[in-house]
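Analysis of the macromolecular model
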Amino acid sequence: MKFTRQGEVIVGVELVKQHRKHLRLRFSVTDTGIGIDEERIPHLFDAFVQADSSTTREHGGTGLGLSICRQLVGLMGGDISVESKVDAGSRFQFILDFGRQEGVSSRLFEPDPDLRNMRVLLVDDNPAAQNILREMLASFSFDVDVVGSAAAAYERLLEAGARELPEPLPYDLVVMDWRMPEINGIDATRHIKNHLELIEQPRFILITAFGREEVLQQAEMIGFDGVLIKPINPSTFFDTIVSVFRNERGGCASDLRLHLRSNDSKARCCW
């Protein structure tokens, strides 16, 4: 994190190979930070070594972190490596083998028949978050469109629900990130509700990395149907969407303001 002033740091886990009793997983940490000079990479995992003296002065540290990581990965039978370019970021990764736990079935995120193929508009300006959230929504059987700004969301909503179309295809759900340039997600949703003449009003879920009380209060005043606080995993995301539409159809829960955190561990989370 300290080497990445702009962009993002992505922690990922990917399935490399699987057998009946064993799994091979690739773990990676990718950033868009300062990067590392190619000549210094071979010594990067040596104890008390950092990229250069200027790195130590500006960012601190002793040069032990990567050395310890290499030892830990080695004790588990793996090897750690890095790919990097100066001013373009770095990717550290390692591959490990694991035994499969028996007697545990995977959870299937399959909504009720009336929610399958539901049209969803995802509004987020961050490309990495777009990809992760799009994958989650698509895995739920939803038809997903993605835009990167409030203005683009207005245009897409109007196009989809235009009255002059032979068969308008309005969106059922809008997933709106709070922190976006120019117009944030709360103001964008207020504008959609108050000024866009849509044939059908979609449900709205706000996604925010800030659980501050004023953000949640604003979301409640605007009338969001759900609020998710990052990090978001598939389980939390799915349950929130299903709860929003279950309540719409007269379900048992009375409070639609779902301020959720999850300890459920998944391969990819959106931060």
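**Looking at the side chain of K230**
Note on placement: K230 falls in the loop between strand 9 (226-229) and helix 7 (234-248). Within the structure, the side chain of K230 is placed 3.4 Å from the side chain of D177, a separation counted as a polar contact.

**Description of the confidence of the model for the protein chain**
If pLDDT is low for a region, its predicted coordinates should not be looked at in detail. Chain-level statistics for the protein chain give a pLDDT mean of 85 and a share of 85% at 70 or above. Below pLDDT 50 for its whole length, residues 249-267 participates in 35 contacts with residues either more than four positions away or in separate chains.

**A closer look at the environment of W178**
Structurally, the position occupied by W178 is in the loop between strand 7 (173-177) and helix 5 (185-195). W178 sits in the buried class, given a relative accessible area of 13%. Excluding residues that lie within four positions of it along the chain, W178 makes contacts with N184, G185, I186, L206, I207, T208, F210, R212 and V215.

**Describing the packing of helix 5 against helix 6 (residues 213-222)**
Two elements in contact, helix 5 and helix 6, have axes whose closest approach is 10 Å; the angle formed by their N-to-C orientations is 5°. The angle between the axes of helix 5 and helix 6 places the two elements in the roughly parallel class. Here helix 5 contributes I186, T189, R190 and K193 to the contact with helix 6, which in turn contributes V215, Q218, A219 and I222.

**Re empty space enclosed by the protein**
Once rolled over the atoms, a probe with the size of a water molecule shows which space is left empty. Scanning all chains against the criterion turns up one cavity of 30 Å³ or more. Of the pockets and cavities examined, the largest cavity occupies roughly 40 Å³. Together, L157, A160, G161, P170, Y171, L198, E200 and P202 line the largest cavity. For the lining of the largest cavity, a count of residues per class yields six nonpolar, one polar and one charged.

**Some remarks on the layout of surface pockets**
Quantified by volume, the second largest pocket comes out at close to 770 Å³. Together, 32 residues line the second largest pocket, and F3, D31, I36, L66 and F92 are the ones closest to its centre. Contributing elements (two or more residues each) for the lining of the second largest pocket: strand 1 (9-18), strand 2 (22-31), helix 2 (65-75) and strand 4 (89-99). Its residues assigned to classes, the lining of the second largest pocket comprises 19 nonpolar, 11 polar and two charged.

**Re the packing of aromatic side chains**
Enumeration over the complete set of coordinates arrives at 10 aromatic pairs. Taking 5.1 Å as the distance between ring centres and 15° as the angle between the ring planes, the aromatic pair formed by F27 and F94 counts as stacked. In this pair, F27 sits in strand 2 while F94 sits in strand 4, placing the two residues 67 residues apart along the sequence. An angle of 55° between the planes, with centres 5.4 Å apart, marks the rings of F109 and F238 as tilted. Of this pair, F109 sits in the loop between strand 4 and strand 5 (119-123) while F238 sits in helix 7; the two residues are 129 residues apart in sequence, bridging distant segments of the chain. Classification of F238 as buried rests on a relative accessible area of 8%. Feature note: the residues F109, F140, F142, F237 and F238 constitute an aromatic cluster, connected by ring pairs.

**Here's the deal with the side chain of T208**
Of note, T208 is situated in strand 8 (residues 203-208). A polar atom in the side chain of T208 sits 2.9 Å from the backbone nitrogen of F210. If sequence neighbours within four positions are ignored, T208 has contacts with W178, V215, V227, L228, I229 and K230.

**So, the pairing of strand 9**
A regular strand places its side chains on the two faces of the sheet in alternate fashion. In strand 9, alternate side chains face the same way, and those of G226 and L228 on one face and V227 and I229 on the other are all buried. In this structure, strand 8 lies alongside strand 9, joined through four bridges in parallel fashion. Along strand 9, the bridge assignment pairs I205 with G226. Each parallel crossover has a hand, and for strand 8 linked through helix 6 to strand 9 it is right-handed.

**Remarks on the pattern of salt bridges**
On inspection of all chains with the given rule, the structure shows 10 salt bridges. A salt bridge links R119 to D143, with the shortest nitrogen-to-oxygen separation between them at 3.9 Å. Pair noted here: R119 is in strand 5 and D143 is in strand 6 (residues 143-147), with a separation of 24 residues, a long-range link. Given a relative accessible area of 16%, R119 falls into the buried group. For D143, a relative accessible area of 40% corresponds to the partly exposed category. Two residues, E214 and R212, come together in a salt bridge whose shortest N-O distance is 3.7 Å. The partly exposed category is assigned to R212, whose relative accessible area is 42%. One salt-bridge network, held together by shared partners, links R119, D143, D145 and R156.

Parameters at a glance
- All residue numbers here refer to positions counted from 1 along the written sequence of the relevant chain.
- Residue-level local features of this predicted model are given only where pLDDT is at least 70; pairs of side-chain atoms are given and counted only at 80 or more, and the full residue set underlies all totals for whole chains, interfaces and linings.
- Hydrogens and water are ignored here; the side-chain numbers use all heavy atoms of the structure.
- For helices the rule is a DSSP run of H or I covering at least 4 residues; for strands it is a run of E covering at least 2, with both sets numbered from the N terminus onward.
- Whenever a nitrogen or oxygen atom comes within 3.5 Å of another N or O atom, the pair is scored as a polar contact, on the condition that within protein one atom can donate a hydrogen and the other can accept it, and that pairs from neighbouring residues in sequence are kept only if both atoms are in side chains.
- pLDDT is defined as a per-residue confidence score from the predictor, taking values between 0 and 100.
- Residue contacts follow a heavy-atom distance rule, with two residues in contact if any of their heavy atoms lie within 4.5 Å.
- Here's how the labels work: a residue is buried when its accessible area is under 20% of the maximum for its type, exposed when over 50%, partly exposed in between, all with a 1.4 Å probe on protein chains only.
- For helices, the fitted line uses only the C-alpha atoms of the stretch in contact; every axis is such a line through C-alpha atoms, and the angle between N-to-C directions lies from 0 to 180 degrees.
- Here the angle decides the label: under 35 degrees means roughly parallel, over 145 means roughly antiparallel, 65 to 115 means roughly perpendicular, and every other value means oblique.
- Cavity: a set of points on a 1 Å grid over the protein atoms alone where a 1.4 Å probe fits but cannot get out. Pocket: an open set with protein on both sides within 12 Å along at least five of seven lines, its lining residues, like those of a cavity, having an atom within 4 Å of a point.
- Grid points are joined across faces, edges and corners, and a volume is the space filled by probe spheres set on the points.
- Three residue categories are used. Nonpolar comprises Ala, Val, Leu, Ile, Met, Phe, Trp, Tyr, Cys and Pro, charged comprises Asp, Glu, Lys and Arg, and polar comprises the others, including Gly.
- Put simply, two rings from Phe, Tyr or Trp (the six-membered ring, in Trp's case) pair if the centres are within 6.5 Å, and we call them stacked under 30 degrees between planes, edge-to-face over 60, tilted for the rest.
- Two strands pair if DSSP finds at least two bridges between them.
- A right-handed crossover is one whose linking path, passing over the helix from the first strand to the second, runs clockwise when the strands point away from the viewer.
- Whenever a carboxyl oxygen of Asp or Glu lies within 4 Å of a side-chain nitrogen of Lys or Arg, that contact is scored as a salt bridge.

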